[in-house]
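The lines below spell out each chain.
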Amino acid sequence: MPFVQPEQLQLQFWQQRLSQGDRLLLTTAQIAERNRQTFALQKELQPLSALPGQYSADELTAIIDNVSKIPSSPRFYTNGTALSAADWQRYQVLLGKDRVKETNPVAFALIVKRTALRAFPTLDRVVNEQGNADLDRFAETALFVAEPVAVLHQSRDKAWLLVQSFNYTGWVQAADVAIGSREQVLSYAEQEPFLVITAAKAHTAYTPAQPALSELQLDMGVRLPLISAADTGFNVHGQNPLASYIVQLPQRLNDGRLHFLPALLPLSSDVSIGYLPFTERNLLSQAFKFLGERYGWGHDYNGRDCTGFISEVFRSFGLLMPRNSSQQGMGNYGTNLRFNQHSSQAEKLQALAQARVGDLLYFPGHVSMFIGRVQQQPFMIHSVNTLIYPTDAGLYQGTLNGVVVTPLMPLHNNTEHAYLEALYAIKSLR
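Residues numbered from 1 in each chain as written. Predicted model: local features only at pLDDT ≥ 70, side-chain atom pairs only at ≥ 80, totals over all residues. Heavy atoms only, no water.

Caption draft 1: Representation of the sheet that holds strand β19 (residues 335-338). If you trace the six strands from one edge of the open sheet to the other, you get β19-β24-β20-β21-β22-β23, paired in antiparallel fashion. One side of each edge strand has no neighbouring strand; the edge strands of this open sheet are β19 and β23 (394-407). Taking each pair of neighbouring strands and ignoring which way they run, the sheet shows an average axis angle of 35°. Where helix α7 (residues 280-288) meets the sheet, its contacts fall on β21 (366-374), β22 (377-391) and β23, and the angle it forms with β21 comes to roughly 120°. Sheet strands in contact with helix α10 (residues 345-353) are β19, β20 (360-363), β21, β22 and β24 (425-428), and its direction is about 70° off that of β21. (Pairing = 2+ DSSP bridges. Helix = DSSP H or I, 4+ residues; strand = E, 2+ residues; numbered from the N terminus. Axes fitted to C-alpha atoms, helices over the stretch in contact; angles between N-to-C directions. Contact = heavy atoms within 4.5 Å.)

Caption draft 2: Quick peek at the layout of surface pockets. Its boundaries defined by the atoms lining it, the second largest pocket holds a volume of some 1000 Å³. Lining the second largest pocket are 36 residues, with A189, E190, R223, Y275 and L320 sitting closest to its centre. Of all the secondary-structure elements, those providing two or more residues to the lining of the second largest pocket are α2 (28-41) and α5 (182-188). Each residue belonging to the lining of the second largest pocket can be placed in one class, and the counts come to 23 nonpolar, eight polar and five charged. (1 Å grid on protein atoms, 1.4 Å probe; cavity = no way out; pocket = protein on both sides within 12 Å on 5 of 7 lines; lining within 4 Å. Points joined across faces, edges and corners; volume = space filled by probe spheres on them. Nonpolar A, V, L, I, M, F, W, Y, C, P; charged D, E, K, R; others polar.)

Caption draft 3: Region of the structure containing the packing of aromatic side chains. A full pass over the atoms with the stated rule returns 18 aromatic pairs. Relative to Y389, the ring of F3 has its centre 5.4 Å away and its plane inclined at 85°; by these criteria the two rings are edge-to-face. Taken as a pair, F3 in the segment before α1 (11-15) and Y389 in strand β22 lie far apart in primary sequence, 386 residues in all. Given a relative accessible area of 38%, F3 falls into the partly exposed group. (Phe/Tyr/Trp six-rings, centres within 6.5 Å; stacked < 30°, edge-to-face > 60°. Buried < 20%, exposed > 50% of the residue type's maximum accessible area, 1.4 Å probe, protein only.)

Caption draft 4: Representation of the side chain of T38. Within the fold, T38 resides in helix α2. Setting aside chain neighbours within four positions, we find T38 in contact with L45, L320, P322 and Y333.

Caption draft 5: Expanded view of the environment of S311. Residue position: S311 is located in helix α8 (residues 306-315). C-alpha of S311 to C-alpha of S68: the two residues are 243 residues apart in sequence and 24 Å apart in space. Contact partners of S311, with chain neighbours within four places excluded, come to M321, P322 and Q328.

Caption draft 6: Examining empty space enclosed by the protein more closely. Under the counting rule described, the total for this entry stands at three cavities of 30 Å³ or more. Of the volumes computed, that of the largest cavity is approximately 180 Å³. Around the largest cavity sit 16 residues that line it, and A142, F166, N167, E312 and R315 are the ones nearest its centre. Elements with a contribution of two residues or more to the lining of the largest cavity: β7 (139-143) and α8.

Caption draft 7: Just unusual backbone geometry, in detail. The residue after E192, namely P193, is reached through a cis peptide bond having omega -5°. Note on placement: P193 falls in the loop between α5 and β12 (194-197). With an omega of 5°, the peptide bond between M409 and P410 qualifies as cis. When you line up the elements, P410 lands in the loop between β23 and α11 (419-422). For A146, which is not glycine, the phi dihedral falls at a positive 75°. Along the polypeptide, A146 turns up in the loop between β7 and β8 (148-154). Unlike most non-glycine residues, N302 shows phi in positive territory, near 60°. Residue position: N302 is located in the loop between α7 and α8.

Now the structure itself:
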């Protein structure tokens, strides 16, 4: 990677440049208010508690059609075979729209393991005309352990559920979902005291007694209710909890119903009791925990893409935002500085000179986090697929495919536009 010195890949390099790194940027109450404002401003966000008890046939069909749209441009399997009309018809049959009833009750559930949220109820991988096998166009995002969702519909083969989270709707495998009552699910998500996963990935303790809870992956930002030995006793699945946090985890029974069980997280785990203080030092620390992770379009490859990376970092502090980069960048929440086709390079450079650590830089289809300057050069950390920059021999096009630190200049967002030229918004959540 040109233009980056080895020391710039170290968290300490950037933290030692902070002048007020431990100053609280928002209090817990201010973050809660920020979330209320964001939900009010962004139609993509929907509190599950505000959902209706049921949908009519027309309403549910419209939701299914919106989630599982047949794209206007060609799609291909990873072997290069174009999807045919028969292929699309097969996926349409899987949607089970003929089973939509006159009234369709909304159920509630918790996710029991990290699971892919997809545009169609299938694990088939499809790509666009460029054929980049890393970019599965059926992949939308991922849902994490303990995530509350509304269950809207079931696929024809009953292997998939159409679910709605607070910021996205798509298909997940039914085996990863435990259905409970509305009250069970919504109260679990608000239970206190709670613990937040602040590692990129943490794991519960190994337990042969409960395989579904054994070494279960928990991703950054996951919030779990804390319980005590007074609730569980001093033998939790064959282990004394003295050196562990005891958390309450959702479990899926054989019939799909929700059940709760205690699980242990070692005290050595990278976690926080309550959300992390929202400071510049912590923003950098959280972002750098992903450094070197494989890029994962739509959270594929057990990783995350550019917006997933940003969302999980900010979720460590309790801040919620839309899923897609355009929804974030064009959204009116936070403080926004916007540019258009008439904005000059000088205007953008002046704005970047005023940017603060943790500000978000938006480009078409991409987002990064500003982390500081070196000799007036803006640097950012981001989860990115491509590496494009000009050389004496022409435009170099390579692959990054990971979470990396890069300068903003002279790198390109795509083959037509440099990052500086493509920059259309700077957002601050302070």
